[in-house]
Structures are given as structure tokens and as C-alpha cells.
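Per-entry structural report
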Amino acid sequence: MMKKLMLFLVIPSVIFGVFALSRIVSAKEIDYDVLYGNSLHDVDYIGNTYIETVDKDLMNYNVVIPPSFVLMSEDDTLQLYLEEETLAIAVRVKANGYVYSSYNFNDSFAGKGASVVNPIKSGVVLDLYKESTPTSQSYLDEKEVFIDGVSTVSQIAKSVITPTLNGFKAAIDFDNPELMIKFDLYVEIIQGELVVNIPNDSIIEYNPNLWVTGEEYYSLRNIVLFPYFGSTKSVNDGYVVIPDGSGALISLEASPDIKASFTLDVYGDDLGYSSPAFRTRALSVKDVARITMPIYGMVHDVGNTGFLVISESGANYGLLNFKSAGIINDYYNTYFSYRYRESYEQYQSRANEDQYRISLQEELDQYDLTQKYVFLSGEEASYVGMAKAYQNYLLDSNQLGDKRRSIYSETPTKIDFIGAEITNGILSSKTQEVTTYNEIVEILKELKNDGYSELIGSLKTYNMSKDSYRFDIYRQLGGKSDFENMLKYMADNDIPFSYYSDYVRSYADYSKMHAQTLSKRSIYYIELSWMFYAHNTVSAKYYMDFAKDDVDELSKYNINSIALAGFDRSIFTSYKNRVIFSNENMDLIMETLAYLNEQEIHTNLYLPDAYLYQYVDEYYDAPIGSSEFSFQAATIPFLQLVVGGYMDMYSPYLNFVSDETTSLLRMVEFGVFPSYVLTGSSPYVLKNTNSSNVYISEYSVLSRRIGDYYNLINEGLTATIGLEMTDHTFLAEGVSMVEYDNSTQIIINYNTVDVTIGSIIVPSQGYVVIP
């Protein structure tokens, strides 16, 4: 059974509760009885593994599927069943006999009305606008209609089922006179996995009264497929995996102490629908970690059965939804919904943004919806197995690329230098010089003298002529000669260098390059921690031009690497004579990065989304935590398990970390290298610049802290250089273990007391490397 452990580790105003999660644990000469005290789990010991005992009679192993479900397809791994009346599906996993279904057919739903039961049992749910009011309709819903003056009740939707070679096609028609929305749904077993698909060209709204003033009509907002697939009231040994930050687990308790419900945009908010006014800016104590991977998963029985869901196409319009048992009904459910239309504010006055009406985009978002279910059995049925399944998917679909980790003699340290920043002048903005090229060389020399043999560097400068962070050589920073001397010093001392660029942010008041919302106002993003808190957003069609400019400039100085920021907010819907869909932005970004790679420019990205992994040489601002909401059971290195073996990952800046020991141990646990931002001048000169949130940046002030951090993390991180994390385990209260592909293990102890594991003593707030 899953038991909560009572350690709580505080990370900048957030509580992190560590849970003991009992998936199959690889034992390497460790006496777990000493750690567990024979009381934490009821386990069987088999060879070098501990497997928790679960009463299989209480779970969906080899259950009888009702006769209303008809077998539509099967292969060596799966059987697919369809209940035509509800469009519900059931899938039997042959490896273990477990049955997953889109609703619990053993639930009688006694005493529950249609408003509760229909959304659960329906295979398809539509989120709609009734004129401009959001509402929802499920496939099983009924509506009273009058035919020749006679009242009758009929289902609002129907479908025609056609078997296919690997499954079935459902031609679905919500033919109620006020709806009139139809589309085709394909559900098929393909190479041992379940794939559902709605072709874009099959989606048709055919209500003649659509958009007619004075008439009642519904328009499509979101499509939801099988929202209760794999839902459960509770399981003793299972959890939900969400890609929140580095990854998080949510336990499936029968009576959760904290009930929660959330909806998060995959790849972040779509700014094209947003109002540019402050009145719509939601402020919170802490930002929610971005969803950078279009996946979620559930494990019903750790070490035996679970599944991973991947949004293959349409993720840019995907919404990740989660609901705890007890919020709406008795079930935990997690699912993607897919946006096809959104409301926005249409302004009636150029001078007064308070004068607006709510409008709806007329044209549906254009994309094929494809969602894949990967079923996990045996040892793969864990969050580690789930991460490796997603990694295999990325490799098979050529979205991850070859391994490109660098080999260092010890832990590398990344240093970002601020060369020049934007600040306010008397009449207009101007440049503030911060760090000269000679000062960068002197700081690097100090770091070398202090024993940091492995350094990588980047330089960030604001380019006034381009109103953004782009390449430039400043006379005030030393000019071309000093710049070339800086590059020579780095080359002579084997310090890889990349120039910082941001193709997305623009600080020009007006430019034809600025993207527009659907309300035809410039898209801008508000960052309240920055001096210039609002920046405009550049249309993606200009990114290639920027890249070509950078290649021309960088090649003059034999610079073969660029550090790119901003793509974490570049997936948006916009308007320029027509609606430009966010997937068009994605295509343009990939074309830009492919061009840079063709020109032999290494592309290092800050917080990249999953669709860009194949272009990432080094991953910057790698999350070492999740949002760590109180309903989450634990933060996990899911991201690192997926991509950490293929690219070096560097932390957010450690200048400002508050809970130092916990954060540093987390870096060791997750295999993430350290990163800092440094300046030659006092941070006082940054006070009125766009880096006003950088309040400590001088190496002379930070040197002791950087040294202390390095001494704590170096042994652990050096042991991970060039390796891939293959396993992660919560061993006990505040104790976790990671394993790498050369069998190296690291045991991390977050407790304030030493922990003894067999003959191994793990020091308090420390770790032990087992080679």
C-alpha cells in the first residue's frame, strides 16, 4: 500500500511532501529491512526486488467485459471493445489481463441522475458556446423536441460505426437542431498501442443559424474524448503522473485530504486570445510550472499495470485536466480536452479598452487531433517506465535525436554574463553598459584560479537598433578588439561560448513584426518582476530572418553556438489578415532551428517544449521541481528521465536560491548542472534596467557561495556526466535513489539526521555515490 511519509521540505514558499512510492525497486546490496524497519510495506522478496502485495481480486484483472461491448480489434498485445450505445471503449491488456475502460461498467450509478452519469459514460463530450455562454453536452444527453406539436425526447447525437482493419470509425453527428456538429472519430490498435484520431477536415458545423443574430445556436469550443478512461475511485498502490515542471505524482486515495481540480494549457497560455489590459492579469503567490510535455499517465497497480497518454497532434491546443474524487463525482479522472474555438474581447473604442464585447472566433482552429495510449505492464508500470516509454516514442518518431552530452572532467558551471541592458532615458529608452568584455575575461580567470576547470559561458546584450536581445558589439564594452580577445581567451581555455538571443520579445512601441491578438491588438506579455514589465511579441514568420542575420554575424567571429530564449511563449494564435494558428508558429520555429543546425550553429534553449527536443543541444533553466501544490504527492525527475541522457541540463540561476541545501540536493538527485548570472558592475546599475530582478551578481560577492555550492554538488554531479538516468526510487522518509546506465547509484538524504542503509551511512542533508 502507499503510505505518506511525514517529511516536508520547504522550497521558496512551497511545501514538498515526500511520499514512499513502492514500485519495483532495484536492490544493490542494500538491506531494505534496516531502512523500512519491516513496517513500511507489506512486501514479498523475490531475488533482488521487493514487490508490494496487492489483492488482485479487488482490481480489474481478467474481469468479464459486458456483452454490450463488442470486440472490434485485437493484436498480440491488446483487445479493443466498443459499446455502440455510449461510444465507450474497453481495452484488455493481454500481458496481465487488466481491463481499462472509458467508464466503470461495474458501477450501477444508483441514485445518480443523467447530468452525472451521461458525461461519465459518454465516449465523447463537447464543450460548446450557446451563443457566447460556455456549456457542455455529452453524447448520451437527451433533449425534448416537438414534432407536429407532439413532445418527444431523443438523444442529441448519433453515430454510424464502420469497422476498420485495426479498429473502427465512428461518424458522429450531434444532429440536434441547435447543435448540428459532426466529425469522424477513428479508434484503432496500431503496433500494440491505442490511437484515437479526428481528422481536421471531418469537423463540420452545419447549423444554418450559426452566427445569426436573434437565433439560438451552439458553436464548438472543445472536443473531449474518453474523459473517464482509466478513472478510478481509489487504488492503494497507484498514482497519476502529470508533466508539471519536472514532473509530479498525485496519489489516488479513497478519501483525499485535499480535493483539487485544475485545467492547464499544454505549452502555456495562448496569448492570442488574451486581453492586453491589466484587469485580466491574474496574480498569484507563485507561478504555475509550465506543461512542456504533452503527456499524462496513470498507474493502477505499481509494478503491474498502468498507461501513458501522449497528445501526438493538437497538443498546442490541448488542455490537461485533472479532478480529484469528490469534486464532481466519486472518480479521479485525468484527460486532455482540445480547443477549437475561444472567446476574446472585441474592442469598440481605440481609446478606451473598457469598451468591448465578447466575440468568438468564427473559423475553427485547424489541426488533426491524434492521441495515443501506451499500456505498461510489469516493471514498466511506474513513473520511470512511463518516462522511458515516452522517451522511446520520441526516439521512434525522430523527435529526440542522437545523444549529444558533453564529457567533462568534473561538474561544469554555466555563467551567463549581462553585457548591456535596456533602461529608461529622458525621452526614450537607452542602453546601460553592465559588463565589459575585459571584465568577462577577468571573471573567468578568477573562476579558473578558484578551481573551476569546466566552465561554459554566454553573453546577453540588448540591441537598441533591433529593440531586442540580439547580437551586437558595443564600443562602450570595449569594442571589436576586446570582444575578439574575449573569444580568444575562451577558445584557448576550452570554455564553450554561446551568444544569447531572443527572437520573441520586442520592446519597440510599434512594429509591423508584432503579432496581434484576435482582437487585433499587439500581443504582449507581462512580467511584473522586470523593469520593462510588458513586451510585445514578434510574429513567428520573422524568426527565420533573425536567424539568418545571426548566422551572418556569428560566422564573422567563428561563434558556433547560440543560446535562445523566448520560445516558451511563442505558441499562440494570432491575426494578420486571417487567423494564424499556433501550429503554424510551431512549424516556423522548427524550420528556424533546423536552419541554424544546417549552418552548424549549436542551439541551446531555455525551457524548451517537447516538440523542440531534437534541436536542443543544451537545456537551460531545467526545472528541478513542480508547482508542488498541496494535493501533489511528490515531485519526480520525469523530464530528466526522458531527455537527461541526451542533452546536458542546467539549472535556473542559483544566485537567488533561498532553500539552498534542498535545491542543491535536488540538482544532484535530478542530474542538473549549476548556472549563474554574473556582472562586472554592481547590481545597482541594473536597478532601472530590464534585469532589475537581478539583485546579486558580482563574483566577488558570490564567490564563497558558489564555492560552497560546488563543494556540495560536485561529487554527485561529476558521477553523472555523459550518463543517462535509468531509475529513480523513493526509498523512505526523505531518502531517494537514482541509478544511471553504468550502474552508478546515488542515494540522497534530505533529512537532518544520518540514515543507515545496510552498511552505508548517508549523511544528513547529503548523499552517497555508489559506483
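For clarity, every value in this text was computed on a predicted model and none was experimentally measured.

The rules we used
- Residues numbered from 1 in each chain as written.
- Predicted model: local features only at pLDDT ≥ 70, side-chain atom pairs only at ≥ 80, totals over all residues.
- Heavy atoms only, no water.
- Pairing = 2+ DSSP bridges.
- Helix = DSSP H or I, 4+ residues; strand = E, 2+ residues; numbered from the N terminus.
- Axes fitted to C-alpha atoms, helices over the stretch in contact; angles between N-to-C directions.
- Contact = heavy atoms within 4.5 Å.
- Buried < 20%, exposed > 50% of the residue type's maximum accessible area, 1.4 Å probe, protein only.
- Salt bridge = Lys/Arg side-chain N within 4 Å of Asp/Glu carboxyl O.
- Parallel < 35°, antiparallel > 145°, perpendicular 65-115°, else oblique.
- Left-handed = near helix turned anticlockwise from the far one by under 90°.
- Nonpolar A, V, L, I, M, F, W, Y, C, P; charged D, E, K, R; others polar.

The next thing to look at is the sheet that holds strand 51 (residues 766-770). Read across the sheet, 4 strands follow the order 46-47-48-51 without closing on themselves; strand pairing throughout is antiparallel. Each edge of the open sheet is held by one strand with a lone partner, namely strand 46 (725-732) and strand 51. For this sheet the average axis-to-axis angle between neighbouring strands, irrespective of direction, equals 15°. Here strand 46 pairs with strand 47 (residues 735-740) via 6 bridges, running antiparallel. Across the sheet, residue Met 725 finds its bridge partner in strand 47, namely Tyr 740. Strands in contact with helix 9 (residues 660-670) are strand 46, strand 47, strand 48 (745-749) and strand 51; relative to strand 48, the strand with the most contacts, it is inclined by about 160°.

Among the 7 residues that make up strand 26 (residues 333-339), 7 are buried, leaving the element largely enclosed by the rest of the structure. What you see with strand 26 is no split at all: Asn 333, Tyr 335, Ser 337 and Arg 339 on one side and Thr 334, Phe 336 and Tyr 338 on the other are buried throughout. For strand 19 (residues 218-225) and strand 26, the ladder comprises 3 bridges, and the chain directions are antiparallel. What sits directly across from Ile 223, in strand 26, is Tyr 338. Pairing of strand 25 (residues 318-323) with strand 26, which is carried by 6 bridges, proceeds in the antiparallel orientation. In the strand pairing of strand 26, Leu 319 is matched with Ser 337.

A few words now on the pattern of salt bridges. If charged atoms from side chains of opposite charge come close, those side chains can pair. By the definition in use, this model includes 23 salt bridges. For Arg 339, the salt bridge goes to Glu 342, with nearest N and O atoms at 3.3 Å. With respect to class, Arg 339 is no different from Glu 342; both count as buried. Here Arg 578 makes a salt bridge to Glu 584, at a shortest N to O gap of 2.7 Å.

What follows covers the packing of helix 6 (residues 543-556) against helix 7 (residues 582-598). Their axes nearest at 9 Å, the elements helix 6 and helix 7 cross at an angle of 15°. When the axes of helix 6 and helix 7 are compared, the pair comes out roughly parallel. When the axes of helix 6 and helix 7 are compared, the crossing they make is right-handed. Mapping the contact onto sequence places Tyr 543, Met 544, Ala 547, Lys 548 and Val 551 in helix 6 and Ile 589, Glu 591, Thr 592, Tyr 595 and Leu 596 in helix 7. Residue composition of the contact of helix 6 with helix 7, grouped by class: 7 nonpolar, 1 polar and 2 charged.

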